[in-house]
Structures are given as structure tokens and as C-alpha cells.
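Given next are the chains, with one letter for each unit.
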Amino acid sequence: MILSFNLFEHKTPTRFAQRIIDGLHQHKLIDTDDQTDLKKEFAWRFPDAGGTMAPVHGDTKLHTIREDAADRWAPGRDIHFTVKPYHPDRHQFAPVLQVVSIQKIKLIYHHGITAQVDGETLGLLLFAELVQNDGFDTELEFVEYFFPDHSVTEETVRTFTGKLIHWTNLKY
């Protein structure tokens, strides 16, 4: 199945593709030559989308969070990592892998954010790890991605329910 990633968020490169490629290398799912080649090709195709910047420690994306009302994502499903999936510039930027595992996730925003994975509330350190492993530099970037019109003073409780789609053995 196609797993599509944004090149930009608020006109800033997400670097999701590069972070995924670096995560695949870190977890030995691709070798160093493949990592270099995939990042060079991506930079050539999308020069404004973050280029081939050298990874910073922890600058990887090891899973993604998606809504899945149709319950289509499951272990064993093929993942086609793609940008611009319905555009002539469609690009599959990594090899086809299989979903290793799925975890249920619920994000709750009310004067701050909490996350529940498989019904368990994550502590601050584990939540920070989830944010980093999902390819975000800060908790604020994560909140703005999932709750783009959030307000610190907002009284409404907002939720997001979906799945953590893992292509490594990582679990929370």
C-alpha cells in the first residue's frame, strides 16, 4: 500500500523521506551505499525539500501515525514509501518493506498533549521519544502537525485516534 509523506509543512521541508532513509540504514534495512544513492536521487528530484543534509543523532523517522478508519494497515502489508503519490512527479524514495507491527494511538490535546499507545498513557520521556521517532524535532511541531489550529488557551478537548505503523521492531 502507498504510504505518502509530505515534502513541506508550513513551507518548511519536513525531511521525512531523508529521515526514513536514515532510519532504514540505522536499523540495517538498507546498506550505506543504498542510503547514499537514495538520498542523492531524492535531493536531485526535490532540491528544495531539504537536500541530503547529514543526519543529526536521532534525526530519523522509524514509524508513522495515520488515521485508518477502514482498518487497512496490518502487519505483513507492503509499504511503498512515496511522495507526491497522485502527481506526475510521484517518487518512491525507499525500497518496499512490510509492516512489522501496528499499535493503536490516541492523542489528546487540552492545554497540552498526551498520548496513549495501546491504551497506556506515555510518560514525558517516552512521549518525547515517540515525537523524535516520528520525525519531528520538537513537541510543538508534532502538536501543530496533528492539531494545526490548536490554541494553548482552548477549552475544547481535541483527540486524534489512529495507528502507529512500524517498519522496524520498535514498540512503545
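Computed from a predicted model, the values in this text were never measured in an experiment.

Rules of the game
Residues numbered from 1 in each chain as written. Predicted model: local features only at pLDDT ≥ 70, side-chain atom pairs only at ≥ 80, totals over all residues. Heavy atoms only, no water. Buried < 20%, exposed > 50% of the residue type's maximum accessible area, 1.4 Å probe, protein only. Helix = DSSP H or I, 4+ residues; strand = E, 2+ residues; numbered from the N terminus. Contact = heavy atoms within 4.5 Å. Pairing = 2+ DSSP bridges. Phe/Tyr/Trp six-rings, centres within 6.5 Å; stacked < 30°, edge-to-face > 60°.

**Q** Residue-level account of helix α1 (residues 16-26), with values.
**A** The element α1 is largely enclosed, with a buried count of nine among its eleven residues. Those residues of α1 lying buried are Phe-16, Ala-17, Gln-18, Arg-19, Ile-20, Ile-21, Asp-22, Gly-23 and Leu-24. Considering only its buried residues, α1 is in contact with α2 (32-45), β5 (78-83), β7 (97-98) and α4 (139-146). Downstream of α1 by one or two residues, Lys-28 has phi in the positive range, about 60°.

**Q** Got a sec to walk through the pairing of strand β11 (residues 158-166)? Specific residues and values, please.
**A** Bridging between strand β4 (residues 63-66) and β11 involves four bridges; their strand directions are antiparallel. From the neighbouring strand, Ile-65 faces β11, where its bridge partner is Leu-164. In terms of strand pairing, strand β8 (residues 101-109) meets β11 through nine bridges, oriented antiparallel. Bridge pairing links Ile-105 to Gly-162 in β11.

**Q** Residue-level account of the packing of aromatic side chains, with values.
**A** Here the structure, examined in full by the defined rule, presents 17 aromatic pairs. With a centroid separation of 5.1 Å and an interplanar angle of 45°, the aromatic rings of Phe-42 and Phe-46 are classed as tilted. Judged on exposure class, the residue Phe-42 and its partner Phe-46 are both buried. Seen from their ring centres, Phe-142 and Phe-146 are 4.9 Å apart, and the 50° between their planes marks the pair as tilted.

**Q** Report on the sheet that holds strand β10 (residues 120-121), specifying residues and quantitative values.
**A** Spatial strand order, β4-β11-β8-β9-β10: five strands in an open sheet with antiparallel pairing. In this open sheet, the two strands that pair with only one neighbour each are β4 and β10. Pairing between strand β9 (residues 113-117) and β10: two bridges, direction antiparallel. Looking at the pairing, Gln-116 lines up with Thr-121 of β10.

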